[in-house]
There are 2 protein chains.
Amino acid sequence: MNGAEALARTLLACGVDTIFANPGTAEMHFVSALDRVEGLRCVLGLAETVVTGCADGYGRMTGKPAATLMHCGPGLSNGLASLHNAKRGFTPMVNIVGDQATYHRPLDAPLTADTEGLARTVSQWVRTTSVAANVAQDAAAAVQAANAPPGNIATLVLPADCAWNESSGPVAPLPAIARQGVSPEAVAVAAKALRSGASAMIMLSGAGLSEAGLIAAQRIAQATGAQLRAPTQVSRLARGRGRVSLDRLPYAVDAAVKVLADVKHLVLAGARVPVGFFAYPGKPGVLTAPGCETHVLARIEEDIVGALAALADALGAPKSPAIPVVARPEAKRGRFEPVAFGETFAALLPEDAYVFEDAVTSGRAIFPPTFGAAPHHWSHVTGGAIGFAFSAATGAAVAAGGRKVVCLQADGGGMYCLQALWTQAREKLDVVNIVFANRRYAILQGELAAVGAQPGPASNTLFSLADPEIRWTKLAEGMGVESVRVETLEAFADAFKAACAKKGPFLIEFAIG
Amino acid sequence: MNGAEALARTLLACGVDTIFANPGTAEMHFVSALDRVEGLRCVLGLAETVVTGCADGYGRMTGKPAATLMHCGPGLSNGLASLHNAKRGFTPMVNIVGDQATYHRPLDAPLTADTEGLARTVSQWVRTTSVAANVAQDAAAAVQAANAPPGNIATLVLPADCAWNESSGPVAPLPAIARQGVSPEAVAVAAKALRSGASAMIMLSGAGLSEAGLIAAQRIAQATGAQLRAPTQVSRLARGRGRVSLDRLPYAVDAAVKVLADVKHLVLAGARVPVGFFAYPGKPGVLTAPGCETHVLARIEEDIVGALAALADALGAPKSPAIPVVARPEAKRGRFEPVAFGETFAALLPEDAYVFEDAVTSGRAIFPPTFGAAPHHWSHVTGGAIGFAFSAATGAAVAAGGRKVVCLQADGGGMYCLQALWTQAREKLDVVNIVFANRRYAILQGELAAVGAQPGPASNTLFSLADPEIRWTKLAEGMGVESVRVETLEAFADAFKAACAKKGPFLIEFAIG
């Protein structure tokens, strides 16, 4: 059995059964091995940013790693932006990156690049297989690393000769690496802070955003009056009617500073100290107020839910907290307006849906009005690399098992990875894509104003997508996805209801402003 | 004057007057500066692979650097694949990559990444500006580096505070770095080899592929009987009726080995020793025959044309060599077939056109039948990162000044950078895009067969683009580019003639097989 087949069989033995791929020549032995190994589902993406974005969505949906298969150098390069989001979201993932044969690399053929250096910029774990005899062990180590808390990007670089040479066959999975347990000291420190009576906030991330994490946090909130918050971008948040309504920290620095202004104790449960996405002249980088004390209850790789529960117990909180009831909003009518859109969306969102949001300017106000939607999960573009939602929704839908996946995508970001629509059509995935077509990089118009500048010829050129108008229904049609363009909330509601009721992908272009 | 404006004015003073851009928040002060500086043309690309691909095409067309403007981390990541091609093609280019403010970087905000590490993988020159007072000097050094022979990728990382803080104003250009002169020893060694009477080949690259280089090489060929060849991929080759018909080394290892089998002396004029794109079991990596002696007449950064002329003089070659006349082929009829397509294309190609080819499987046989086309220039995907032609053609057309730019793009690669079509429409660029729609990664089917494997379920999934069919006319329409689909050579001829006769972009989808 050659190295490639040993690799494929080891991945499968380790529980990795889905591969998002865009292979090249150096990967042909691995592709040939996939032909011989039953049980691995291969999904083609037409550009690597789609491939890695799919794996990100799949990992967030399932909590387990998909594999990717990419080509050396430029192939991996095209996948880096989506990997950046996945790394920042702690998505488990195993990348297999084919590369020049070990003895061919010194010849510096045209596609030769610093594959390992590129991988290192977005991976917590990187290894280059040196001989075919090691490939199975390397693959098992990659899966182990990907699954290690909190979830990691593991990249295995596979020289072509390590794929085609004889191996010693597949290996069994390596033992799982357990989450670090609850720190009694951290619980005691947080309990003391929360008992002080001073204004407190608990910031949740990672497993703290699961239903169990939120219930434990709500117990604490009920017992102490502490506020609960999510970071600006969440990797995966359980929300909707019957769940804790957790708002997130605003993106804009001034608004975030205002939210944190009175917080004297900030307890971090999987989250990090909040900082601005960017620096702005004269504005703070760290967003907490001067004098705010920060207490790390649990780091992202630790047992966050256990720590929250231990803290709630230490505070004598009720076992079953009251969850405030949020009513389902009514669908609205008229032109697009973010809050009205959020209400309409909340009124119609199907039960147990998975929402991927990269709606940027149009999306900021959608979050609060959707607290009253049917129970669902929500994911943001955690690393800020736009063009996330089409791809991540596509990958999640591969594992959705009957759940609807909804993609909220700004038009500017959408043009980064529109190729994902083709994969949705190919795989007949249940994704409803909503494109917010404001025909400009509106966020940048805001950012230009934030630096005190007036728009001029260059910025008008660089921020406008209006000429020519991007016709999303044509783009969708070109890739085999049914679509409709709407201009009002009532037309959107009709289209969204119809799209949710049918199988397969659909795209709604919402023409805005 | 802040650092951003000093940067913009310095670029302009150094002769850089075109910027391909997709900015983000960290670049707002630079965008604002562009609003205040007249004479810099800003061209928006809807993904960074388009931005850098445009700059590659522009640099090949003009011989001078365009600037790019990209966002930190993931923004640059998306541009790396096209930069890889440009680096391998020795295209001059200046990348300005915005980044986190120096004092904000340690906070590790979500978009923070190893920007300099990413840049290093594709740049011959990288610098991160440390204070605003240095930015103008850094920009002048970047342009100097980009223009240094043979042409380099220079990447300047610009922290946001270096853009917004007060600077000391723009600076004048740094002196140009001259090409290294002709080595008399190298000329003498090559002359001796060519006088030996043993079978010889001169392999040309860089400036050796210019009209002057080819004439000098043809003088040598005529005097000695040496063969002339180009590498498999050329950065920019002058060709067509009245010019030397220079064939290239085949891509396939066996075919390349056959071409080189009898060559006893290989003289390199800007080219490197030919090696296979990839290793294959049992096949050689270096493609020259055992016993072949290699002689470096001029390295890529040296005076290649001067060295060829000196060699011709040393050999007593005629000053004006005979250039064999190649007749213009006749347009053909019927279904697509690569040679017939090449003949039809050659019959109709306008005078002085610039051809960018990333046609992969469909493109390999187009080269020889187009020797008899009207004089033109031809560029290949020098680094092997597919998805090159749409973007490079777009950037070249920005500087084409009335010349037609023709893009020969395979459908698989085309899906990597289809967003370039929107920029063509936005800028009303004279590009005729020809998409070879064979609806599969045919090259990979060949590569799988080359490793001795039979297609199976995985490879059939991963190599087919047929379901759903990609409808290029819809995609073009969605981005404002007029288009037509053809299925025969005569329909193609009609469409191509019409497209060449009008202004602005056009796309022809050639449905194949």
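Residues numbered from 1 in each chain as written. Chains lettered and ligands numbered in written order. Predicted model: local features only at pLDDT ≥ 70, side-chain atom pairs only at ≥ 80, totals over all residues. Heavy atoms only, no water.

1. Digging into the overall build of chain A
Here is step 1 of the chain: Each helix and strand in chain A was counted, giving 20 helices and 17 strands.
Here is step 2 of the chain: On C-alpha atoms alone, chain A measures out to a radius of gyration of 23 Å, which is about the 24 Å that the 2.2 N^0.38 rule sets for 513 residues.
Here is step 3 of the chain: By principal-axis analysis of the C-alpha atoms, chain A measures approximately 65 × 60 × 45 Å.
Here is step 4 of the chain: Looking at chain A as a whole, 65% of its 513 residues qualify as buried. (Helix = DSSP H or I, 4+ residues; strand = E, 2+ residues; numbered from the N terminus. Rg over C-alpha atoms; globule rule 2.2 N^0.38 Å. Buried < 20%, exposed > 50% of the residue type's maximum accessible area, 1.4 Å probe, protein only.)

2. Focus: the packing of aromatic side chains
All names here are of chain A.
Here is step 1 of the chain: A full pass over the atoms with the stated rule returns 38 aromatic pairs over all chains.
Here is step 2 of the chain: An aromatic cluster is built from Phe-336, Phe-341, Phe-345, Phe-367, Phe-371, Trp-378, Phe-436, Phe-492, Phe-496 and Phe-510, whose rings are joined through pairwise contacts.
Here is step 3 of the chain: In this arrangement the basic side chain of Lys-283 is found over the ring face of Tyr-280, its NZ or CZ atom lying 5.6 Å from the centre. (Phe/Tyr/Trp six-rings, centres within 6.5 Å; stacked < 30°, edge-to-face > 60°. Lys NZ or Arg CZ within 6 Å of the ring centre and 35° of its normal.)

3. Observations concerning the interface of chain B and chain A
Here is step 1 of the chain: On the side of chain A, 93 residues touch chain B, which itself brings 93 residues to the contact.
Here is step 2 of the chain: Considering only the surface of chain B that becomes buried against chain A, Pro-110, Phe-278 and Leu-462 of chain B emerge as the three largest contributors, covering 8% of it.
Here is step 3 of the chain: On the surface where chain B and chain A come into contact, there are seven salt bridges.
Here is step 4 of the chain: Between Asp-108 of chain B and Arg-88 of chain A there is a salt bridge; the shortest N-O distance is 2.8 Å.
Here is step 5 of the chain: At the junction of chain B with chain A, the criterion picks out 44 residue pairs in polar contact (both at pLDDT 80 or more).
Here is step 6 of the chain: The greatest single-element share of the side of chain B that touches chain A, amounting to seven residues, is contributed by helix H4 (residues 74-88) of chain B.
Here is step 7 of the chain: Of the residues belonging to the side of chain B that touches chain A, the class tally is 52 nonpolar, 27 polar and 14 charged. (Contact = heavy atoms within 4.5 Å. Buried area = accessible area lost by both parts, 1.4 Å probe. Salt bridge = Lys/Arg side-chain N within 4 Å of Asp/Glu carboxyl O. Polar contact = N/O pair within 3.5 Å; in protein donor to acceptor, adjacent residues only side chain to side chain. Nonpolar A, V, L, I, M, F, W, Y, C, P; charged D, E, K, R; others polar.)

4. Regarding the nonpolar core
Here is step 1 of the chain: Core analysis: the largest hydrophobic core is formed by 198 residues, its most contacted members being Leu-11, Val-405 and Trp-472 of chain A together with Leu-11, Val-405 and Trp-472 of chain B.
Here is step 2 of the chain: Beyond its immediate stretch of four places on either side in the chain, Leu-11 of chain A contacts Val-16, Phe-30, Ala-67, Val-94, Ile-96, Ala-139 and Val-143 of chain A.
Here is step 3 of the chain: If you look at the next biggest cluster of nonpolar residues, it comprises 66 residues, including Ala-230, Val-234, Phe-341 and Val-486 of chain A. (Core = buried A, V, L, I, M, F, W, Y, C linked by side-chain atoms within 4.5 Å.)

5. Topic: the pairing of strand E12 (residues 353-358) of chain A
Residue and element names in this part refer to chain A.
Here is step 1 of the chain: By the criterion of burial, E12 is predominantly enclosed, with six of the six residues buried.
Here is step 2 of the chain: Burial along E12 is two-sided: Ala-353, Val-355 and Glu-357 and Tyr-354, Phe-356 and Asp-358, pointing in opposite directions, are all buried.
Here is step 3 of the chain: Pairing geometry for E12 and strand E13 (residues 376-380), over five bridges, is parallel. Paired with Glu-357 across the strands is His-380, a residue of E13.
Here is step 4 of the chain: The pairing of E12 with strand E14 (residues 405-410) spans five bridges and is parallel. Across the sheet, Glu-357 pairs through a bridge with Leu-408, a residue of E14. (Pairing = 2+ DSSP bridges.)

6. Section: the pattern of salt bridges
Here is step 1 of the chain: Under the counting rule described, the total for this entry stands at 58 salt bridges over all chains.
Here is step 2 of the chain: Linking Arg-41 of chain B and Glu-427 of chain B is a salt bridge whose minimum nitrogen-to-oxygen distance equals 2.9 Å. Of this pair, Arg-41 of chain B sits in strand E2 (residues 41-44) while Glu-427 of chain B sits in helix H16 (residues 420-427), and the two are 386 residues apart along the sequence.
Here is step 3 of the chain: The exposure class assigned to Arg-41 of chain B is partly exposed, which follows from its relative accessible area of 33%.
Here is step 4 of the chain: Relative accessible area serves as the criterion here: at 18%, Glu-427 of chain B is assigned to the buried category.
Here is step 5 of the chain: The structure contains a network of salt bridges with shared partners spanning Arg-335, Arg-439, Glu-469, Arg-485, Glu-487 and Glu-509 of chain A.

7. As for the sheet that holds E2 of chain B
All names here are of chain B.
Here is step 1 of the chain: Pairing is parallel across the open sheet formed by six strands, whose spatial order is E2-E1-E3-E4-E6-E5. At either margin of the open sheet sits one strand with a lone partner, and together these are E2 and strand E5 (125-128). Here the average twist between neighbouring strands, direction ignored, is 20°.
Here is step 2 of the chain: Inspection of the sheet shows strand E4 (residues 93-99) paired to strand E6 (residues 153-159) by seven bridges, in the parallel sense. (Axes fitted to C-alpha atoms, helices over the stretch in contact; angles between N-to-C directions.)

8. Topic: the side chain of Asn-433 of chain A
Here is step 1 of the chain: Relative to the elements of secondary structure, Asn-433 of chain A occurs in strand E15 (residues 431-437).
Here is step 2 of the chain: In this structure Asn-433 of chain A comes out as buried when scored by relative accessible area, which is 0%.

9. Here's the deal with the relation of the copies chain B and chain A
Here is step 1 of the chain: For the match of chain B to chain A, the screw axis carries a shift of 0.0 Å, the RMSD comes to 0.0 Å, and the turn is 180°. Look at the turn and shift together and you get a two-fold axis relating the two.
Here is step 2 of the chain: Here 100% of the interface residues in chain B have copies in chain A that are interface residues too; the copies meet face to matching face. (Least-squares fit on C-alpha atoms with pLDDT ≥ 70 in both.)

10. Some words on the confidence of the model for chain A
Here is step 1 of the chain: Here chain A averages 96 in pLDDT, while 100% of its residues score no lower than 70.
Here is step 2 of the chain: For this predicted complex, the interface confidence score (ipTM) comes to 0.97, while the overall pTM stands at 0.98. (pLDDT = per-residue confidence, 0-100.)

11. Comments concerning the environment of Leu-348 of chain B
Residue and element names in this part refer to chain B.
Here is step 1 of the chain: For Leu-348, the position within the fold is in helix H12 (residues 338-348).
Here is step 2 of the chain: For the pair Leu-348 and Gly-45, spaced 303 residues apart in the sequence, the C-alpha separation amounts to 30 Å.
Here is step 3 of the chain: Once residues lying within four places of it in the same chain are set aside, the contact partners of Leu-348 are Ala-493, Phe-496 and Lys-497.

12. Notes on the packing of helix H4 (residues 74-88) of chain A against H4 of chain B
Here is step 1 of the chain: One way to put it is that H4 of chain A packs onto H4 of chain B with a least axis distance of 8 Å and a crossing angle of 170°. With respect to H4 of chain B, the element H4 of chain A is oriented roughly antiparallel. Contacts from Pro-74, Ser-77, Asn-78, Leu-80, Ala-81 and His-84 of chain A of H4 of chain A reach H4 of chain B at Pro-74, Ser-77, Asn-78, Leu-80, Ala-81 and His-84 of chain B. (Parallel < 35°, antiparallel > 145°, perpendicular 65-115°, else oblique.)

13. Notes on the pairing of E15 of chain A
Residue and element names in this part refer to chain A.
Here is step 1 of the chain: With seven of its seven residues buried, E15 lies for the most part within the structure.
Here is step 2 of the chain: The alternating pattern of E15 places Val-431, Asn-433, Val-435 and Ala-437 on one face and Val-432, Ile-434 and Phe-436 on the opposite face, and all of these are buried.
Here is step 3 of the chain: As defined by bridge partners, E14 adjoins E15 across six bridges and the pair is classed as parallel. By the bridge assignment for E15, Cys-407 is matched with Asn-433.
Here is step 4 of the chain: When E15 meets strand E17 (residues 506-511), the two strands line up parallel, connected through six bridges. Residue pairing across strands places Phe-436 opposite Phe-510, the latter belonging to E17.

14. Considerations on the sheet that holds strand E11 (residues 293-298) of chain A
All names here are of chain A.
Here is step 1 of the chain: Pairing in this open sheet of four strands is parallel, and the strands run E8-E7-E10-E11 from one edge to the other. For this open sheet the edge positions go to strand E8 (227-229) and E11, each flanked by a neighbour on one side alone. For this sheet, the mean inter-axis angle between neighbouring strands, taken without regard to orientation, is 25°.
Here is step 2 of the chain: Contacting strand E7 (200-204), strand E10 (265-269) and E11, helix H11 (residues 304-314) crosses the sheet at an angle of about 115° to E11.

15. Observations concerning helix H11 (residues 304-314) of chain B
Along an α-helix, a turn takes 3.6 residues, which lines up residues three or four apart on a common side.
All names here are of chain B.
Here is step 1 of the chain: All of the buried residues in H11 are Ile-304, Gly-306, Ala-307, Leu-308, Leu-311 and Ala-312.
Here is step 2 of the chain: Where H11 is buried, its residues contact helix H8 (184-195), strand E7 (200-204), helix H9 (211-224), strand E10 (265-269) and strand E11 (293-298).
Here is step 3 of the chain: Of the residues one or two after H11, Gly-316 is the one with positive phi, at around 65°.

16. Digging into H9 of chain B
Residue and element names in this part refer to chain B.
Here is step 1 of the chain: Over its 14 residues, H9 extends 20 Å from the first C-alpha to the last, a length consistent with the 20 Å expected when each residue adds 1.5 Å.
Here is step 2 of the chain: Those residues of H9 not exposed but buried are Gly-213, Leu-214, Ala-216, Ala-217, Gln-218, Arg-219, Ile-220 and Ala-221.
Here is step 3 of the chain: Structurally, H9 contributes buried residues whose contacts are with H8, E7, strand E8 (227-229), strand E9 (237-239) and H11.
Here is step 4 of the chain: Positive backbone phi, at 80°, marks Gly-225, one or two positions downstream of H9. (Expected span 1.5 Å × (residues − 1).)

17. Notes on the environment of Met-479 of chain A
Residue and element names in this part refer to chain A.
Here is step 1 of the chain: The topology assignment puts Met-479 in the loop between helix H19 (472-478) and strand E16 (482-486).
Here is step 2 of the chain: Assessed through its relative accessible area of 0%, Met-479 is described here as buried.
Here is step 3 of the chain: Residues Met-479 and Ala-425, spaced 54 residues apart in sequence, show a C-alpha to C-alpha distance of 7.2 Å.

18. Considerations on the packing of helix H14 (residues 389-398) of chain A against helix H16 (residues 420-427) of chain A
All names here are of chain A.
Here is step 1 of the chain: Running from amino to carboxyl end, H14 crosses H16 at an angle of 20°, the nearest separation of the two axes being 9 Å. Regarding the angle of H14 to H16, the classification is roughly parallel. Viewed along their axes, H14 and H16 form a crossing whose handedness is left-handed. Counted together, Phe-390, Ser-391 and Thr-394 of H14 and Ala-420, Leu-421, Thr-423 and Gln-424 of H16 form the full contact between these two elements. (Left-handed = near helix turned anticlockwise from the far one by under 90°.)

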